[in-house]
Structure formats: structure tokens, C-alpha cells
Amino acid sequence: MVNLYLFYFLSFLAIFCALMVIISRNPVNSVLFLILTFFAIAGHYVLLNAQFLAAVHIIVYAGAIMVLFLYVIMMMNFNKESEPSKTFVSQVVATIAGGILLITLTGALRITDMQIASGHPCECTGLVQNLGRVLFGSFLLPFEVSSLLFLAAMTGVVLLGKKNTNNT
């Protein structure tokens, strides 16, 4: 019974903070609300008996990535005069992309509901051994492709950030 109330509280907190990320006009406040959203999602992982995922989620997302976001936002100059206005076409494209994301998430949740109803989910979800078995079993190709994408992104960042030493 306590888990149910905790689930509802964490769900309300996650949805409220996610909405505040979108609604907030100050980018620093948006990042802080995003950190709170990540903590609420980590609480859901704990409720699902996935303590390892909760710890990794807090370390990676709320720790490292959000510090980088906050650093970048504080270093940028957000003036309304210098910010380019968004065209109608870009707003329509953004709306269509958001709609496609919503349809994809709805489909993924529908499949998850069917798996839960059929009784397929593992009872020991949070164990690192089961996570490794799934990650390096059925998701080996996407895992390796994502590692290649990260390598390409790091190479691109190094090349873009490198100063031009040829002053000819």
C-alpha cells in the first residue's frame, strides 16, 4: 500500500517537474526541474527493484550530464535581441516530431502492457547479471552501434574544438 502511494507521489512529481522544464522561462530553472525529474524517475527504478539502474541513472544523468547542461547554459548569452526568431515552418516541424515521439512512446507502452499482462517480465529486474544478459544478448547490435556513435561524436567534438594551428 505504501508502494502505491509512493508510486503516485513520484509520478506526480515527475510529470509536474517535466512540465515545469517546458514552461519555465529561465533556462537554469529548467535544468534544475529536469534534475528533479531524473530523481523522481530514479525513485521509480527503486520501486521496480532496480537499484543498480537507479544508482546509474542518478550518477550519469542527474550528476554528469546535468552539470554539463548547467555549465553550457551559464556560459551562453541568452538575450532576446540576439536570439533568432523561430519560423513557422520550424515550429510545424517541431510539432510533427513531437507527435511522432508521442506515437512511438504510446506503441512502446502498449507492448509493455501486453508483456506485463502475459506475465513475461523477470521478477529480479534489478540484478546486474540479468541486465548484462539482456544487454549483451538480445540488444547486442544496438549496444555496439551506440558505442560506435559515441566514438564518432567524441571524434567530432575533438575535431571541432581543436584550434586551427595553421595560420597561413
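Before reading on, note that the structure itself is shown above.
Just so you know, these numbers come straight off a predicted model, no measurement behind them.

Visitor: Explain the overall build of the protein chain to me, please; I cannot follow it from the model alone.
Guide: The helix and strand inventory of the protein chain stands at 6 helices and 0 strands. Reading the protein chain from its N terminus to its C terminus gives the helix and strand order α-α-α-α-α-α. In the protein chain, 55% of the contacts between residues at least 6 apart in sequence involve partners at least 24 apart. When the accessible surface of the protein chain is summed, it comes to about 13,600 Å², and 74% of that surface belongs to carbon and sulfur atoms.

Visitor: Can you help me understand the nonpolar core in this one?
Guide: Here is a general trend for soluble globular proteins: nonpolar side chains tend to be buried in one another's company. Counting residues in each nonpolar core, the largest one holds 5 residues, listed as Val31, Ile35, Phe38, Ala62 and Met66. Secondary structure elements with two or more residues in this core: helix H2 (27-47) and helix H3 (51-75). It is H2 that contributes the most residues to this core, 3 residues altogether. Among all residues touching phenylalanine 38, those that are not within four sequence positions of it are His57, Tyr61, Ala62 and Met66.

Visitor: Hey, could you run me through a nonpolar patch on the surface in this one?
Guide: Side chains of Phe52, Val56, Ile59, Val60, Tyr61 and Val128 sit close together on the surface and give an oily, nonpolar patch of about 500 Å² of accessible area. Ranked by the residues each element gives to the nonpolar patch, the list is headed by H3, at 5 residues. Assignment of secondary structure puts tyrosine 61 in helix H3.

Visitor: Before we go on, may I ask you to explain the packing of aromatic side chains in this structure?
Guide: Each aromatic ring pair is specified by the distance between its two centres and by the angle formed by the two planes. Tallied over the entire structure, the rule returns 3 aromatic pairs. Between phenylalanine 12 and phenylalanine 16, the aromatic rings sit 6.1 Å apart at their centres with planes inclined by 15 degrees, giving stacked as the arrangement. Of this pair, phenylalanine 12 and phenylalanine 16 both sit in helix H1 (residues 2-23), 4 residues apart, which is roughly one turn of the helix. Accessibility expressed as a relative area gives 57% for phenylalanine 12, which makes it exposed. You can call phenylalanine 16 partly exposed: its relative accessible area is 39%.

Visitor: Looking at this structure, I do not really get the packing of H1 against H2. What am I missing?
Guide: Two packed helices can be described by the angle between their axes and the distance between those axes. Following both chains from N to C, one finds H1 and H2 inclined at 155 degrees, their axes separated by 8 Å at the closest point. Taken as axis vectors, H1 and H2 run roughly antiparallel relative to one another. Seen along the crossing, H1 lies across H2 with a hand that is left-handed. Of the residues in H2, those in contact with Asn3, Leu6, Phe7, Leu10, Ser11, Leu13, Ala14, Cys17, Ala18, Met20 and Val21 of H1 are Ser30, Phe33, Leu34, Leu36, Thr37, Ala40, Gly43, His44 and Leu47. The class makeup of the residues in the contact of H1 with H2 is 14 nonpolar, 6 polar and no charged.

Visitor: Please clarify how the side chain of serine 24 should be interpreted in this entry.
Guide: You can see serine 24 is positioned in the loop between H1 and H2. The class of serine 24 is buried, set by a relative accessible area of 16%. One polar contact links the side chain of serine 24 to the main-chain carbonyl oxygen of asparagine 26, over a distance of 3.3 Å. Contacts of serine 24, omitting those with residues within four sequence positions, involve Asn29 and Ser30.

Visitor: Quick question: what am I supposed to make of unusual backbone geometry here?
Guide: Note on backbone geometry: most residues besides glycine have negative phi, and most peptide bonds are trans. At asparagine 49, a residue that is not glycine, the phi angle is positive and equals roughly 65 degrees. Within the fold, asparagine 49 resides in the loop between H2 and H3.

Visitor: Help me understand the side chain of histidine 57 in this model?
Guide: One can find histidine 57 in helix H3. Once residues lying within four places of it in the same chain are set aside, the contact partners of histidine 57 are Phe38, Ile41, Ala42, Tyr45 and Ala62.

Conventions and cut-offs
- Residues numbered from 1 in each chain as written.
- Predicted model: local features only at pLDDT ≥ 70, side-chain atom pairs only at ≥ 80, totals over all residues.
- Heavy atoms only, no water.
- Helix = DSSP H or I, 4+ residues; strand = E, 2+ residues; numbered from the N terminus.
- Contact = heavy atoms within 4.5 Å.
- Areas by Shrake-Rupley, 256 points an atom, 1.4 Å probe, with all protein chains shown as cover.
- Core = buried A, V, L, I, M, F, W, Y, C linked by side-chain atoms within 4.5 Å.
- Buried < 20%, exposed > 50% of the residue type's maximum accessible area, 1.4 Å probe, protein only.
- Patch = residues over 30% accessible without salt bridge, like charges linked within 9 Å, V, L, I, M, F, W, Y side chains within 5 Å.
- Salt bridge = Lys/Arg side-chain N within 4 Å of Asp/Glu carboxyl O.
- Phe/Tyr/Trp six-rings, centres within 6.5 Å; stacked < 30°, edge-to-face > 60°.
- Axes fitted to C-alpha atoms, helices over the stretch in contact; angles between N-to-C directions.
- Parallel < 35°, antiparallel > 145°, perpendicular 65-115°, else oblique.
- Left-handed = near helix turned anticlockwise from the far one by under 90°.
- Nonpolar A, V, L, I, M, F, W, Y, C, P; charged D, E, K, R; others polar.
- Polar contact = N/O pair within 3.5 Å; in protein donor to acceptor, adjacent residues only side chain to side chain.

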